[in-house]
Amino acid sequence: MVGLDVVGQHVELGALGAVTRRIVALVVSHAALAIGLLVALRAAPAVHHVTGWPLAVVGFTAAFALVGLLPMHLEFGRSACTVTLVEAVLVVALLHMAPAGVVVAAAGGEALASLAHRQSPLKFAYNSMAVLAAVLLAVVVHANVVHLSGGSAGAMWPAAVIGVACYTAMSFVSTSCVLRVVEGRRLVAVFRASLSTAALASLVSASIGLTGAALFAAHPMAPLLLLPLIVVVALETRRLAAHRAEHLRFERLYAASSRTAGLQEFDGALAVSATEARSLVTGAAAVCCAPDRDGTWRGMLVDDRGSRVASADLVAAVVDLVDECGGIAAEVPVSAIADAARADLPAASTVVVAGSGRAGESPVALAVVRDIRGDDQGEARSEVLGAFAGHAALTATNARLYGEVEEALRHQVDLNRQKDDFLAAVSHELRTPLAAVLGSVATLRRLDQRLDAENRERFFDMAARQGKRLQRLIEELLMIAAVDQREAACLQEPVDLVAMTSELADDLQELAGDRIVVAVAPGAERVQTDGTKLRQVLVNLVENAAKYAPDGRIKVLAWPHTPGAGDIAVTVVDHGPGVPADQRERVFERFVQLDQSSTRTQGGTGLGLYLCRRLTELLGAELTLAETPGGGCTFTLVLPQPMEDEDMQTPTATRATSLPVDVIPDTEEVTA
Amino acid sequence: MRPSQVRRVLVADDDPDMITILRVNLEAEGYAVDAAVDGQAALDLARGTRPDMIVLDVMMPCIDGIAVLTEMRSDPDTRDIPIVLLTAKSNDDDIWAGWSAGADYYLTKPFQLDELLHFIEYLGTQAQISLP
């Protein structure tokens, strides 16, 4: 029989459960063919006398089994084929035995060889059926050819050759079919790739058989002369075959590595690595695990149903097992993985593990479960998976790094877009007051004497007012630039809140129309912070209140915020229109002015509250906006304080945490 | 002098100072000026008073200038009124958006008062020539 070896690996049936059903179908169809041929054989005319039955049957069975166990390896160009000398024995058997004896001996010999190879039941069934069908075909053809040629002794030899040719063709078709089913390759491609090597192997085998038969005709013991030659060639080619199998395994490893290179998506990379690992050691399922960007181990499970994320239990079990093996690839019983963690895995007998485990710079853990009983290839499999693990680790690391770079890039793009938007907004906000300044000056020059005194005053006023707005905008932009670049260093100094709030009220009373009242609750007189920045925030908040709340008091309150923690809060309360709850966070954005129509009249820049928020962040404080009871805005700035000595904490511990608005009646003047 | 010979200009801008500047200068040139401080008011006034031309800001409350322009160009009654966009939006995309919405002229703030007045005068003579 010709064992086709196009991919360099013996087809290991049963390893791929999804195709198992198709292989069973192949076995069944072979069996059906065999039954059909059996009927044909009963109808076939007897060709010659039985010689030595049943001793001959036993002898030939042993011969078939022996040649099944001693395959010889031939290389032919870039292809390789295995010659098993089954044709040689078959030629001799056809010439010297009754058809039924040939069938029994060939099928029995193949079965014995299969058993000796400890093949899986499915593979055993397939091989036996394929051989049985092919031998039956050979026997039927041989019998008919002999009969057609009139049963002459001279016709026996060509009839045997034709019979063996039929056997070869039949087993060639069988092997191609099984390759098609197991490896999914196109039937025509398989035929083309292996036709010449299969023909050569059969020719060699059949020629040896014919030589043996001719020698037997000269003397019954003469074929034994061939025996030493066959044994030497068989042993030598076995060594060659092992070498070639290893070579081809690493060729596959190389191909698997090239298929996993350059993968960019983390889970995708793990899935491809698992798929390649599974096919490298012909397993039923494979798991590839590696830590993601956050250092959490993730794994992808690949089996006949495709790939999916492996359960955390399975990932942990695989990583533990790889760690146990100390980073050395090994094939161990599948019970090394706890039953619970194996819930997602198909039934299996062994597991091949490889990878560096938790140790190493590029950690990875690979596990492939196999449902084929152990054989002598275990070490070779472990070795190839171990070599592949290094590549899988690199693939996972690359994918992880790619993800990091991609995210950094996306972040940068967002940042750039924000910058562009800000620049466009700044451009617009700078041009608007500038247009008014230049427009009023141009009007004054252009109309000159045609303007009455009132209008002249109006345009001078306008130029001055809009000029100031421009100046303020530029100052705030510069401040924001400083804050954004973190150039504004933050001091920690004792600040007297009583003095600061009263000074602030004095400075702004004119702007606010004498509506500002300040109060500092006991325990909030002193605060540790950057005084200049705190003052800037408070000025902006009070100006904001003066601008948007045309009536009512504007209260500035300092009070101990959290009992025990010692935090100090400063609150600015107005009784203006207020801000709807869903808009309260938006007021802290750049160039957001909720009531657009008031923008120009109030001369706001749209940067005041944004600057407040940024400065507050710099101070490590928190600035929030709430509704004033009865309507209006209440801005609260909470300044965290370092823990201080006992006498500072005791009074604060008894304070209420609610805002002490009631401290100041609306009518009372508490202004310093 | 027939009333139609006094040319009416609608000025729409959310900055009252800008309206004052344009109003004083246009009135000195003999135009009658209507003013609107947001997009909706501009649309209503344009439909109600049929101005001879419009000076339109882009960044305005309610409806922005580009939307006003698009709306007017799709209305047969206001389609032919010449419109000058006068805005602080100055990048290429904004300018292209203005022209493609159907503006007759696009001026960026800060602007040359003479340029605007000359162009408005030019638009006036164009309209006169096209009269039957």
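Now for a description of the structure that goes with this document. (Residues numbered from 1 in each chain as written. Chains lettered and ligands numbered in written order. Predicted model: local features only at pLDDT ≥ 70, side-chain atom pairs only at ≥ 80, totals over all residues. Heavy atoms only, no water.)

### Remarks on the overall build of chain A
Worth spelling out the cut-off: The helix and strand labels rest on DSSP assignments: H or I over at least four residues marks a helix, E over at least two residues marks a strand, and numbering proceeds from the N terminus. Relative accessible area decides the class of each residue, using a 1.4 Å probe on protein chains only: under 20% of the type maximum gives buried, over 50% gives exposed, and in between gives partly exposed. It only takes one pair of heavy atoms within 4.5 Å for two residues to be counted as in contact. Areas reported as accessible are Shrake-Rupley estimates using a 1.4 Å probe. Residue values count occlusion only from the protein chains shown.
Within chain A, the secondary structure is distributed over 17 helices and 16 strands. Among the 672 residues that make up chain A, the fraction classed as buried is 48%. Pairs at least 24 apart in sequence give 71% of the contacts found in chain A among residues at least 6 apart. For chain A, the accessible surface area stands at approximately 31,800 Å², while carbon and sulfur atoms represent 60% of it.

### As for the pattern of salt bridges
Defined as follows: Note on definitions: salt bridges are taken to be side-chain nitrogens of Lys or Arg within 4 Å of carboxyl oxygens of Asp or Glu.
Tallied over the entire structure, the rule returns 33 salt bridges over all chains. Between Glu627 of chain A and Arg584 of chain A there is a salt bridge whose closest N-O contact spans 3.8 Å. With Glu627 of chain A in strand E15 (residues 622-627) and Arg584 of chain A in the loop between strand E14 (568-573) and helix H15 (596-602), this residue pair connects regions lying 43 residues apart in the sequence. Given a relative accessible area of 18%, Arg584 of chain A falls into the buried group. Put simply, Arg73 of chain B and Asp104 of chain B hold a salt bridge, and the shortest N to O gap is 2.7 Å. One end of the pair, Arg73 of chain B, is in helix H3 (residues 65-74); the other, Asp104 of chain B, is in the loop between helix H4 (92-100) and strand E5 (105-108), and 31 residues separate them in sequence. Looking at Asp104 of chain B, the relative accessible area reads 33%, which means it is partly exposed. Sharing partners across several salt bridges, the network here consists of Asp303, Arg305 and Arg308 of chain A.

### Remarks on the packing of helix H2 (residues 55-69) of chain A against helix H3 (residues 86-96) of chain A
Residues and elements named next belong to chain A. We count it as follows: All axes are obtained by fitting lines to C-alpha atoms, using only the stretch in contact for helices, and the reported angles, taken between N-to-C directions, cover 0 to 180 degrees. Relative orientations are named as follows: roughly parallel for angles under 35 degrees, roughly antiparallel for angles over 145 degrees, roughly perpendicular for angles from 65 to 115 degrees, and oblique for any other angle. Whether a crossing is left-handed or right-handed is set by the direction in which the near helix is turned from the far one by less than a right angle, anticlockwise for left-handed and clockwise for right-handed.
At a minimum axis distance of 9 Å, the contact between H2 and H3 shows a crossing angle of 165 degrees. Relative to H3, the element H2 is oriented roughly antiparallel. In this structure, H2 meets H3 at a crossing whose hand is left-handed. Here H2 contributes Phe60, Ala63, Phe64 and Val67 to the contact with H3, which in turn contributes Val86, Val89, Leu90, Val92 and Ala93.

### A short note on the packing of aromatic side chains
Rules: Pairing of aromatic side chains requires ring centres within 6.5 Å, counting the rings of Phe and Tyr and the six-membered ring of Trp. Pairs whose planes differ by under 30 degrees are stacked, by over 60 edge-to-face, and all others tilted. Here, over-ring charges are defined by two tests on the NZ atom of lysine or the CZ atom of arginine: distance to the ring centre within 6 Å, and angle to the ring normal within 35 degrees.
Applying the stated criterion to the full structure yields 4 aromatic pairs over all chains. Ring centres 6.5 Å apart and planes at 90 degrees place the aromatic pair Trp99 of chain B and Tyr105 of chain B in the edge-to-face group. Here Trp99 of chain B falls in the partly exposed class, since its relative accessible area comes to 36%. You can call Tyr105 of chain B partly exposed: its relative accessible area is 21%. Ring centres 3.9 Å apart and planes at 20 degrees place the aromatic pair Tyr105 of chain B and Phe119 of chain B in the stacked group. With Tyr105 of chain B in strand E5 and Phe119 of chain B in helix H5 (residues 113-129), this residue pair connects regions lying 14 residues apart in the sequence. A network of ring pairs unites the aromatic residues Trp99, Tyr105, Phe119 and Tyr122 of chain B as a single cluster. The ring of Phe588 of chain A has Arg613 of chain A lying over it, and the distance from NZ or CZ to the ring centre is 4.0 Å.

### Considering the side chain of Asn25 of chain B
For clarity, the cut-off: A 3.5 Å cut-off defines polar contacts: any pair of N or O atoms within that distance qualifies, except that in protein one atom must be a possible hydrogen donor and the other a possible acceptor, and neighbouring residues in sequence count only when both atoms are side-chain atoms.
By the element assignment, Asn25 of chain B lies in helix H1 (residues 16-28). Residue classification places Asn25 of chain B among the buried residues on the basis of a relative accessible area of 0%. Among the polar contacts listed, one links the side chain of Asn25 of chain B to the backbone oxygen of Ile21 of chain B, at a separation of 2.7 Å. Discounting chain neighbours no more than four positions away, the residues touching Asn25 of chain B are Thr443, Arg446 and Leu447 of chain A together with Leu113 and Leu117 of chain B.

### Here's the deal with the pairing of E14 of chain A
Residues and elements named next belong to chain A. Under the convention used in this document: Should DSSP find at least two bridges between two strands, the strands are regarded as paired.
Burial of E14 is extensive: 6 of the 6 residues sit out of reach of the surface. Of the two faces of E14, the one carrying Ile568, Val570 and Val572 and the one carrying Ala569, Thr571 and Val573 are both buried. Direction of pairing for strand E13 (residues 554-560) relative to E14: antiparallel, over a ladder of 6 bridges. Bridge assignment links Leu557 to a residue of E14, and that residue is Thr571.

### Examining helix H10 (residues 312-324) of chain A
Residues and elements named next belong to chain A. Our working definition: Expected helix span is taken as 1.5 Å per residue step, with the number of steps being one fewer than the number of residues.
Between its terminal C-alpha atoms H10 stretches 18 Å, which fits the 18 Å expected from 13 residues at 1.5 Å a residue. Listed in full, the buried residues belonging to H10 are Leu314, Val315, Ala317, Val318, Val319, Leu321 and Val322. Structurally, H10 contributes buried residues whose contacts are with strand E4 (285-291), strand E5 (297-303), strand E7 (330-333), strand E8 (350-355) and strand E9 (365-370). Downstream of H10 by a residue or two, Gly326 has a phi angle that is positive, lying close to 65 degrees.

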